[in-house]
Amino acid sequence: MSEPHRYSFDITDAVQGWLDGDYEQDKGIVFKALDSVENGTSYNWKTMGSYNRASYKPTISVTYSEWVTGISISPTSATISVGTTRTLTATVLPAFANNQSVSWTSSNSTVASVSETGVVTGVGPGVATISCISNDSGVRATCTITVTPISYTTMTDGSVYGGTLSIGKHFWFQFTPPETGYYMFMSSSLNATDVRGYLFNGSSELISNDDGAGNFQFKICYKLIAGTTYRLRVQGYSTSTTG
């Protein structure tokens, strides 16, 4: 258990004097009366024990604010790939600090960005430092984020590809159509794992779908231009979301 806080108060301005004597109502510290209480008449002071004059008894109002002394982040380091996210958790110390709000910053937003709630997104390959800063005292903690390049599987027309997905996990594919026309991409799953698909041209998302193939599987049909390389992101999704 931590040591209790001790405070001193200067009440000189509120004290009129001291009346010696035994334990009687009008003995001890004499407090000044406010004009609003007796308008400066003969009752211009009373002791703590004065009866019939409760308004003379002093009160002390203390506004206490416990400063933030430390912050910890979990995890303190992580590796993600471009386009994926990782949520960081901040713990403010002490737990009973009045202002526990924090701000998040990234040392290099071209590598990793961070939201106001600590969600880090991989933007480009490299290393970035994510800082969590107390809005109360300015103390901070950091997490080192390493962002790796996307690893692509090259697709060919009419081929089938397999893999195991869970919520948040994803695979990247790239496809260069031999002819201009409409192409279809879709998923299937024996255990009804929800899968969402996203089709990109460069960094621009062209279309996405969640349940178009039924049974929580995506289906995308889109007109592609011959010779252009497109990217397909296949992600484990949530069965509670459709679209």
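Residues numbered from 1 in each chain as written. Predicted model: local features only at pLDDT ≥ 70, side-chain atom pairs only at ≥ 80, totals over all residues. Heavy atoms only, no water.

**Q** Help me get a handle on the overall build of the chain, residues and values and all.
**A** Across its full length, the chain holds one helix and 19 strands. Taking all 243 residues of the chain together, 31% fall into the buried category. Sequence-distant contacts in the chain: of pairs separated by 6 or more residues, those separated by 24 or more amount to 55%. Just so you have it, the chain exposes about 15,100 Å², and 51% of that area is on carbon and sulfur atoms. (Helix = DSSP H or I, 4+ residues; strand = E, 2+ residues; numbered from the N terminus. Buried < 20%, exposed > 50% of the residue type's maximum accessible area, 1.4 Å probe, protein only. Contact = heavy atoms within 4.5 Å. Areas by Shrake-Rupley, 256 points an atom, 1.4 Å probe, with all protein chains shown as cover.)

**Q** Now, about the sheet that holds strand β14 (residues 170–175): what can you tell me, with residues and values included?
**A** Spatially, β13-β14-β19-β16-β17 is the arrangement adopted by the five strands of the open sheet, whose pairing is mixed. The sheet is open, and its two borders are formed by β13 (152–154) and β17 (204–209), each paired with just one other strand. The average undirected angle you get between the axes of adjacent strands in this sheet is 25 degrees. As judged from the five bridges shared by strand β16 (residues 195–201) and β17, these two strands associate in the antiparallel manner. Across the sheet, residue Phe 200 finds its bridge partner in β17, namely Glu 205. (Pairing = 2+ DSSP bridges. Axes fitted to C-alpha atoms, helices over the stretch in contact; angles between N-to-C directions.)

**Q** Could you give me a rundown of the side chain of Arg 233, with the residues and numbers involved?
**A** Take Arg 233: it is sitting in strand β19 (residues 230–236). Among residues more than four places away in sequence, those in contact with Arg 233 are Gly 83, His 170, Phe 171, Trp 172, Arg 196, Gly 197, Tyr 198 and Phe 200.

**Q** A description of the sheet that holds strand β8 (residues 102–106) should follow, citing residues and the corresponding values.
**A** Ordered by their spatial adjacency, four strands build an open sheet running β5-β12-β11-β8, and the pairing between neighbours is mixed. The sheet is open, and its two borders are formed by β5 (77–81) and β8, each paired with just one other strand. Pairs of neighbouring strands in the sheet enclose a mean axial angle of 25 degrees, with direction left out of account. In this structure, β5 lies alongside strand β12 (residues 140–148), joined through five bridges in parallel fashion. Bridge pairing links Ser 77 to Thr 144 in β12.

**Q** Outline the nonpolar core, listing residues and values.
**A** Core analysis: the biggest nonpolar cluster contains 25 residues, and Val 120 and Ile 145 have the highest contact counts within it. Sorting the residues of this core by element identifies β4 (70–74), β5, β9 (112–114), β11 (126–134), β12 and β16 as the ones contributing at least two each. Core analysis: the next-biggest nonpolar cluster, separate from the first, contains 14 residues, Phe 173, Val 195, Leu 199 and Tyr 230 among them. (Core = buried A, V, L, I, M, F, W, Y, C linked by side-chain atoms within 4.5 Å.)

**Q** Give me the lowdown on the packing of aromatic side chains, citing residues and values where you can.
**A** A ring pair, where both rings are aromatic, is described by two values, the distance of the centres and the angle of the planes. All chains considered together, the criterion is met by five aromatic pairs. Judged by centre distance (5.6 Å) and plane angle (55 degrees), the rings of Tyr 161 and Phe 173 are tilted. Here Tyr 161 is found in the loop between β13 and β14, whereas its partner Phe 173 is found in strand β14, with twelve residues between them in sequence. For Tyr 161, a relative accessible area of 32% corresponds to the partly exposed category. What makes Phe 173 buried here is its relative accessible area of 11%. Between the aromatic rings of Trp 172 and Phe 200, the centroid separation amounts to 5.6 Å while the plane-to-plane angle is 40 degrees, which identifies the pairing as tilted. Placement of Trp 172 in strand β14 and of Phe 200 in strand β16 is noted, with a sequence separation of 28 residues between them. Across this residue pair, the class does not change: Trp 172 and Phe 200 are buried. One aromatic cluster is present, built from ring pairs that chain together Tyr 152, Trp 172 and Phe 200. The side chain of Arg 231 reaches across the aromatic face of Phe 200, ending 5.0 Å from its centre. (Phe/Tyr/Trp six-rings, centres within 6.5 Å; stacked < 30°, edge-to-face > 60°. Lys NZ or Arg CZ within 6 Å of the ring centre and 35° of its normal.)

**Q** Could you give an account of unusual backbone geometry, with specific residues and numbers?
**A** Residue Pro 75 is reached from Ser 74 by a cis peptide bond, and omega for that bond is -5 degrees. Mapped onto the elements of the fold, Pro 75 is located in the loop between β4 and β5. The linkage connecting Leu 93 with the following residue, Pro 94, adopts the cis geometry, with an omega of -5 degrees. The residue Asn 215 is not glycine, and still its phi comes out positive at about 55 degrees. With respect to the helices, strands and loops of the structure, Asn 215 is situated in the loop between β17 and β18 (219–224). Its identity is not glycine, yet Phe 216 carries a phi of approximately 65 degrees, on the positive side. Positionally, Phe 216 belongs in the loop between β17 and β18. For Phe 216, a relative accessible area of 31% translates into the label partly exposed.

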